[in-house]
Amino acid sequence: MQPSKFMSVFRKLFGVLLAALLLGGALKVGGDLGNDPVIEGSLKPEKVHREAAEEIVERLELHYRRLKFDDALSEQVLEQYLQDLDPNRLYFTQQDVKDFQPYRDQLDNQLRDGVLEAGYSIFNRFQGRLEDRLTEILATLEGGFEDWDFDGDGKVLVDRGEADWAEDQDALDAIWRGQLRNAVLSMRLNGTSDEEISKRLTNRYESQLSRVRQNTPEDVFQTYMNALAQTFDPHTNYFTPHNSENFDISMSRSLEGIGAVLQYEDGYTKVVRLVPGGPAAKQGQLNPADRVIAVAQGDEDMVNVIGMRLDEVVDKIRGPKGSKVRLEVIPAGRASEHDTRTIAITRNKVVLEEQAAKKEVIEVEHGDDTMKLGIIEIPAFYMDFNAFHRGDPDYTSTTRDVAELLVELRKENVDGLVVDLRNNGGGSLLEVNKLVSLFINRGPTVQVREAGGRVSVENDQYPGMLYSGPLAVLVNRYSASASEIFAGAMQDYGRALIVGDQTYGKGTVQTLLDLNHGKLKMTNAKFYRVSGSSNQNMGIVPDVTMPSLVDKESIGESSLPNALPWDEIDPAKYQRYQDLVPLLPGLRERHDARIGDNPEFVYVNQLRDLLNRANERQELSLNAKQRKAWQEDFDQRRLDIENALRKHRGEEPIEKMEDLRALEEQRALDPDSNDEPLDEDPYLRETGHILADMVSLLREQRVADERAS
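Parameters and conventions
Every residue gets a number counted from 1 within its own chain, in the order that chain's sequence is written. A pLDDT threshold of at least 70 governs which residues receive local features in this predicted model, and a stricter bar of 80 or more applies before side-chain atom pairs are shown or counted, although totals over entire chains, interfaces and linings include all residues. Processing note: side-chain calculations cover all non-hydrogen atoms of the structure and skip hydrogens and water entirely. Take the buried residues of types Ala, Val, Leu, Ile, Met, Phe, Trp, Tyr and Cys, join any two whose side-chain atoms come within 4.5 Å, and each joined set is a nonpolar core. Here the term buried applies to any residue with accessible area under 20% of the maximum for its type, exposed to any over 50%, and partly exposed to those in between, with areas from a 1.4 Å probe on protein chains only. Every helix listed is a DSSP run of H or I at least four residues long, and every strand listed is a run of E at least two residues long, numbered separately from the N terminus. When DSSP locates at least two bridges between a pair of strands, those strands are taken to pair. Any pair of residues with heavy atoms lying within 4.5 Å of one another is described as a contacting pair. The convention used is that axes are lines fitted to C-alpha atoms, helices contributing only their stretch in contact, and that angles between N-to-C directions extend from 0 to 180 degrees. Here is the rule for angles: anything less than 35 degrees is roughly parallel, anything more than 145 is roughly antiparallel, 65 through 115 is roughly perpendicular, and the remaining ranges are oblique. When the near helix sits turned anticlockwise from the far one by under a right angle, the crossing is termed left-handed; a clockwise turn instead gives a right-handed crossing. Gly counts as polar in this scheme, as do all residues outside two lists: the nonpolar Ala, Val, Leu, Ile, Met, Phe, Trp, Tyr, Cys and Pro, and the charged Asp, Glu, Lys and Arg. Under the rule applied, a polar contact is a pair of N or O atoms within 3.5 Å (in protein, one hydrogen donor and one hydrogen acceptor; residues adjacent in sequence only if both atoms are side-chain atoms). For every residue, the predictor states its confidence as a pLDDT score lying anywhere from 0 to 100. Think of a salt bridge as a Lys or Arg side-chain nitrogen and an Asp or Glu carboxyl oxygen that are within 4 Å of each other. Throughout, right-handed denotes a crossover for which the path from the first strand over the helix to the second runs clockwise when the strands point away from the viewer.

Below, the discussion takes up the nonpolar core. Ile122, Tyr205, Phe221, Tyr224, Met225 and Leu228 are the most contacted members of the largest nonpolar core, which totals 62 residues. The element that contributes the greatest number of residues to this core is helix α6 (residues 117–142), accounting for 10 residues. By size, the runner-up hydrophobic cluster in this structure holds 40 residues, among which are Ala357, Phe381, Leu409 and Ile540.

Next up, the structure:
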């Protein structure tokens, strides 16, 4: 062996030996090289886990990203694993993290060989730290906090995700004293009594401690494998056999629950999106980016779910049709995890009919003219796959429903059409391709690039357009996947103006692979527009942007760690119908002039600015007077913004923040009473004005072209 090669092997072996020593293990050498390193702690992998790890590594080598299993990947997996276990850096110390460093260039080799020593040893260390911390917290709460001082200048970080690891346990103790003080102060300022604060916090941490003590080798394996999978991209996930059953149920749409897509993030169960027509969407209180921290069945006591596996949370939320589930959630954008609200939802089935496209006609006064505007709302790209495969000619289909609506609107002689894709999270690729065909004569609809680099083009095979008139597509941040394919095609062909907010940016394709133990959902392709631009990460950028309350930093593909980047490929061969780009400066100028003093949009802009200022705080004061003064100022600004809109609408002003919260709760409990008619929707009405401007500018352009010729 050459000296340089010998030293390389020695360094690798030394790293393994050092890791074993630091974590209390021992690596057998000599005549027994095949044995795994000894694992620190009680939770240990089973044979099926080691075999599954080898298979997962083999499958991931075919991931779209084509990452190599080398030292660089090993480092990323370690960082991801520590992030998943301790996202806010509240349990591990600098010494713990230092002890894990020898693994930094070893995980690739271990995982390839089915060796899970690192994953289980690190998890066992974390579990010990967590159990000790929760026990200390409960002892502190038992001692009471009535005499705690809130007059000093102490502060706590809002987000500890980027903070340094604590130097030692004493430093962690100080951090946790601040965390508990912040919890008590936050709840006091919300009007919660000390007795109720003690009860709620004790229940939370007792529940969390009980859950931690029930961890199994399967839990560790799932967490470790998902740290590996998430290193490739956020849509690549490992499902244990139990999780695989939940995935199959949700995909078959037979799930009786609340109709929400959930994901695990930093110890919380986060709402990704609501299923159109589902109980949560209809009820109106739950929103994307809300975090679920507790679940109760009917009128039973809340069960804390912080740190609980996602499949367990799903099991608690899921239930028979007609039963009630209560969720305690941290609303999106709230700085404190103790500023929560409780939501009651009656479970029901999510059926295709609830997602069906529907139409309406509204009139928009535009200058001296009145525009008759057709609206087609498409909540999802749905298709009854079973009926389709049976050959049933009347199978449920988005395109078939929209085609019928277009025929009806044509009979009503509408002057323009808006396809409303707000909150449409996607669905059937086949349906979106067919829907594009209703609005173009013939041509490509979307390109798909596979992991190996091969590009395939989906085409519209049907000549002719069912609707060829003025068209706008209304989108928002929750418009994703298939919605982005449709909007992107309409923009590239020059068939429609895209209006609203920048879309989600989900431009990847996943496949579900069976394993000997569970399943792997893996990204294997990307969508590209006919122009060659990817939908991924960037989403669809509207031609004309509308004000939005959505925080793009917390919602959207670009907010997810390790998301695949935006890129481009060669364009497909297609023919634009018209070039709308020269019209955009004029359209935006007129739009900005209209909404600049429109109370509905002024309200959205002012409220978004207020929420941004609140979310930009990096620290929270532990001084009760300062904190109360900040809250009173925030509440007054919030009331001023609300009352300005109420004055415009001819409604009585609200005097106190408590009254506004009560009104919002009342609206949420009876969401149907708060549904405004489509002709009063400011976004639809403004889209109508933009469409009318487009028609006017195109007419002026044609006249100018005729004069020039």
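Picking up after the structure, the text goes on.
Ordered in space as β11-β12-β13-β16-β17-β20, the 6 strands form an open sheet in which the pairing is mixed. Each having just a single partner strand, β11 (358–366) and β20 (544–545) make up the two edges of the open sheet. In terms of strand pairing, strand β12 (residues 369–377) meets strand β13 (residues 416–420) through 5 bridges, oriented parallel. Across the sheet, the residue bridging to Ile375 is Val418, located in β13. The sheet contacts of helix α14 (residues 398–411) involve β11, β12 and β13, and relative to β11 the element is tilted by about 40 degrees.

For the rest of this paragraph, the subject is the packing of α6 against helix α9 (residues 217–232). Running from amino to carboxyl end, α6 crosses α9 at an angle of 110 degrees, the nearest separation of the two axes being 10 Å. For the element pair α6 / α9, the angle class is roughly perpendicular. In this structure, α6 crosses over α9, and the sense of that crossing is right-handed. Contacts between α6 and α9 involve Ala118, Gly119, Tyr120 and Phe123 from the first element and Pro217, Val220, Phe221, Thr223 and Tyr224 from the second. Here the residues of the contact of α6 with α9 are counted per class, giving 7 nonpolar, 2 polar and no charged.

Let's shift gears to helix α15 (residues 429–437). α15 sits mainly inside the fold: 7 of its 9 residues count as buried. Buried within α15 are the following residues: Glu431, Val432, Asn433, Lys434, Leu435, Val436 and Ser437. Buried residues in α15 make contact with α14, β14 (443–450), β15 (455–460) and α16 (482–492). For α15, the side-chain oxygen to backbone nitrogen distance between the N-cap and Leu430 is 3.3 Å, and the N-cap itself is Ser428.

What follows is about the confidence of the model for the chain. When pLDDT drops low, the exact placement of atoms in the prediction is not to be read closely. Mean pLDDT over the chain: 87, with 90% of residues reaching 70 or higher. For the stretch residues 1–34, pLDDT sits under 50, and the model shows 34 contacts to residues farther than four places along the chain or on other chains. Counted against residues more than four places away or in other chains, residues 247–255, with its pLDDT under 50, gives 17 contacts.

Turning next to the pattern of salt bridges. Scanning all chains against the criterion turns up 36 salt bridges. Among the salt bridges present, the one from Lys324 reaches Asp299, with a minimum N-O distance of 3.6 Å. With Lys324 in strand β8 (residues 324–330) and Asp299 in the loop between β6 (291–297) and β7 (303–304), the pair connects residues that are 25 residues apart, well separated along the chain. Salt bridges here are not isolated pairs; linked through shared partners, they connect Glu40, Asp96, Asp99, Arg125 and Arg129.

Here we take up the packing of α6 against helix α8 (residues 194–212). Close contact between α6 and α8 brings their axes to 10 Å; oriented N to C, the two are set at 155 degrees. Taken together, the axes of α6 and α8 are roughly antiparallel relative to one another. Helix-helix and strand crossings are classified by hand; for α6 and α8 the assignment is left-handed. Within the contact between the two elements, α6 uses Gln127, Leu130, Glu131, Leu134, Thr135, Ile137, Leu138 and Leu141 and α8 uses Ser198, Leu201, Thr202, Tyr205, Glu206, Gln208, Leu209 and Val212. Class assignment for the residues of the contact of α6 with α8 results in 9 nonpolar, 5 polar and 2 charged.

With that settled, the discussion passes to the pairing of strand β16 (residues 471–475). β16 sits mainly inside the fold: 5 of its 5 residues count as buried. What you see with β16 is no split at all: Leu471, Val473 and Val475 on one side and Ala472 and Leu474 on the other are buried throughout. Summarising the sheet, β13 and β16 pair through 4 bridges and their orientation is parallel. In the strand pairing of β16, Val418 is matched with Ala472. Following the chain from β16 across α16 to the adjacent parallel strand β17 (residues 497–500), one finds a crossover that is right-handed.

In this structure, strand β18 (residues 508–514) lies alongside strand β19 (residues 519–528), joined through 7 bridges in antiparallel fashion. Residue Gln510 lies in a different strand from β19, and its bridge partner there is Thr523. Counting the residues between successive antiparallel strands, the hairpin from β18 to β19 contains 4 residues, one of them, Gly518, with a positive phi of roughly 95 degrees.

Positive phi is not limited to glycine here, since Ala289 has a value of about 80 degrees. Since its relative accessible area comes to 10%, Ala289 is described here as buried. A positive phi angle, near 55 degrees, is found at Ser481, a position not held by glycine. As for its position among the elements, Ser481 is in the loop between β16 and α16.

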